[in-house]
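Below, each chain spelled out in residue letters.
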Amino acid sequence: MQEPINQQKPKASPATVPASNTSRRLEIRFPEELPVSGQRQIIKDALSSHQVVIVCGETGSGKTTQLPKICLDLGRGTINGGRLIGHTQPRRIAATATAKRIAQELGTPIGQDVGYQVRFADKTSQGASIKLMTDGILLAETQRDPQLRAYDTLIIDEAHERSLNIDFLLGYLRQLLPKRPDLKLIITSATIDAKRFSDHFSLNGKSAPVIEVSGRLFPVEQRYEPLEPDTKPDGKKSLKKLKRFQMQ
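Quick caveat: nothing in here was measured; it's all calculated off a predicted structure.

(A) Spotlight on the overall build of the chain. In terms of helices and strands, the chain carries seven helices and 10 strands. The buried share of the chain, reckoned over its 248 residues, is 46%. Intrachain contacts of the chain at a sequence separation of at least 6 include 71% that bridge at least 24 residues. As presented, the chain carries roughly 13600 Å² of accessible surface, and 50% of it is formed by carbon and sulfur atoms.

Quick look at the structure:
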């Protein structure tokens, strides 16, 4: 297993990605307050030289929304003349919400450059570059497209959940990677067993690199109410005190 990569790189200016078949251009900005933004050059370098990259990002690091943009900035995706960047989520609401957020950050309507597919709903255009979906959707696609030729990059998010769908996908992709040397795979999680994943996805005797990204901390204010609120003679809680408690 390779040592985790967590060195900081200099900040870079926003990138502008030209579309391959239109005059449109996407301006990609990375919020500097997100820890993953400071690691984007490290992630790009690792992805350029390895087929599989493992990102251990704590909650709040920004990995879910920024990794697809980093892939775009690297030259992946339909808009750069490639194929789809597939991004899986364990739940439908996460897939749809993430797609809308990435589309908002790129300044493009949902479905145009960033789309999503969940059960009974497919909002992905032919020219889309990023596709959010549940892991079950990607697993189902392996039946009609065994080599997943529609994608040039895959991001398996929340891999630590180890559901049946995720386990099947990880096993399937491990067998597929030698047949698709052009396919890039990013595995991310907040609480992942990095060594096991790195060893499992070792190719040509080289373990997959592990990149660690810190999370963000926020101040938490603790407030306490009395264990036994004041009551009226009839035994009911004071309405005024109850309203004040609900407004906090």
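(B) Structural context of the confidence of the model for the chain. Looking at the chain as a whole, its pLDDT mean stands at 85, while 82% of the residues score no less than 70. Here residues 7-13 is a poorly scored stretch, pLDDT under 50, and it has 13 contacts once near neighbours within four places are set aside; other chains count. A low-confidence stretch, residues 18-23 (pLDDT under 50), is modelled with 10 contacts involving residues beyond four sequence positions or located in other chains.

(C) Quick look at helix H1 (residues 40-49). Among the residues of H1, those classed as buried are Arg40, Ile42, Ile43, Lys44, Ala46 and Leu47. Its buried side turned inward, H1 meets strand S3 (52-57), helix H2 (63-74), strand S9 (184-189) and strand S10 (210-213).

(D) How the structure looks around the packing of H1 against H2. Their axes nearest at 10 Å, the elements H1 and H2 cross at an angle of 60°. Comparing the axis directions of H1 and H2 gives the class oblique. With respect to the hand of their crossing, H1 and H2 are arranged in right-handed fashion. Note on element contacts: H2 touches H1 through Leu67, Ile70, Cys71, Asp73 and Leu74, opposite Arg40, Ile43, Lys44, Leu47 and Ser48. Among the residues making up the contact of H1 with H2, the classes are represented as six nonpolar, one polar and three charged.

(E) Highlighting the pattern of salt bridges. Within this structure, the stated rule accounts for 11 salt bridges. A salt bridge links Glu105 to Arg101; the nearest nitrogen and oxygen atoms lie 3.0 Å apart. Taken together, the residues span about one helical turn, with Glu105 and Arg101 both in helix H3 (residues 92-106) at a distance of four residues. Of the charged contacts, one joins Glu141 and Lys131 as a salt bridge, the two residues approaching to 2.7 Å between their closest N and O atoms. A residue pair is termed long-range when its members are at least 10 positions apart, and Glu141 in helix H4 (residues 135-144) and Lys131 in strand S7 (residues 130-134) qualify at 10 residues. For the residue pair Glu141 and Lys131, the accessibility class agrees, reading buried in each case. Residues participating in the shared-partner salt-bridge network are Lys69, Arg101 and Glu105.

(F) How the structure looks around the pairing of S3. Across the six residues that make up S3, a large majority, six, are buried. By the alternation rule, side chains of S3 split into Val52, Ile54 and Cys56 and Val53, Val55 and Gly57, which are all buried. As judged from the five bridges shared by S3 and S9, these two strands associate in the parallel manner. Note that in S9 the partner of Val53 across the bridge is Ile186.

(G) Inspection of the nonpolar core at higher detail. Among the nonpolar cores identified, the biggest contains 31 residues, and Val114, Ile130 and Leu132 are the most heavily contacted of them. Contributions of two or more residues to this core are made by strand S2 (25-28), H1, S3, H2, H3, strand S5 (114-118), S7 and S10. The dominant element in this core, judged by the number of residues it contributes, is H3, at five residues. Residue contacts for Val114: discarding those within four places in its chain leaves Ala99, Ile102, Ala103, Leu106, Thr108, Pro109, Ile130 and Leu132. Listed in part, the 29 residues of the second largest apolar core include Val52, Leu148, Leu177 and Val210.

(H) Here's a closer look at unusual backbone geometry. Notably, Leu148 is not glycine yet its phi reads approximately 50°, a positive angle. Following the sequence through the fold, Leu148 ends up in the loop between H4 and strand S8 (151-156). What makes Leu148 buried here is its relative accessible area of 0%. Within the chain, Asn204 stands out as a residue other than glycine whose phi angle is a positive 55°.

(I) View of the side chain of Lys69. Inspection of the secondary structure puts Lys69 in helix H2. Among the polar contacts listed, one links the side chain of Lys69 to the backbone oxygen of Arg29, at a separation of 2.7 Å. The residues contacting Lys69, other than those within four sequence positions of it, are Ile28, Arg29, Phe30, Pro31, Ile102, Glu105 and Leu106.

Reading the values: rules and limits
- Residues numbered from 1 in each chain as written.
- Predicted model: local features only at pLDDT ≥ 70, side-chain atom pairs only at ≥ 80, totals over all residues.
- Heavy atoms only, no water.
- Helix = DSSP H or I, 4+ residues; strand = E, 2+ residues; numbered from the N terminus.
- Buried < 20%, exposed > 50% of the residue type's maximum accessible area, 1.4 Å probe, protein only.
- Contact = heavy atoms within 4.5 Å.
- Areas by Shrake-Rupley, 256 points an atom, 1.4 Å probe, with all protein chains shown as cover.
- pLDDT = per-residue confidence, 0-100.
- Axes fitted to C-alpha atoms, helices over the stretch in contact; angles between N-to-C directions.
- Parallel < 35°, antiparallel > 145°, perpendicular 65-115°, else oblique.
- Left-handed = near helix turned anticlockwise from the far one by under 90°.
- Nonpolar A, V, L, I, M, F, W, Y, C, P; charged D, E, K, R; others polar.
- Salt bridge = Lys/Arg side-chain N within 4 Å of Asp/Glu carboxyl O.
- Pairing = 2+ DSSP bridges.
- Core = buried A, V, L, I, M, F, W, Y, C linked by side-chain atoms within 4.5 Å.
- Polar contact = N/O pair within 3.5 Å; in protein donor to acceptor, adjacent residues only side chain to side chain.

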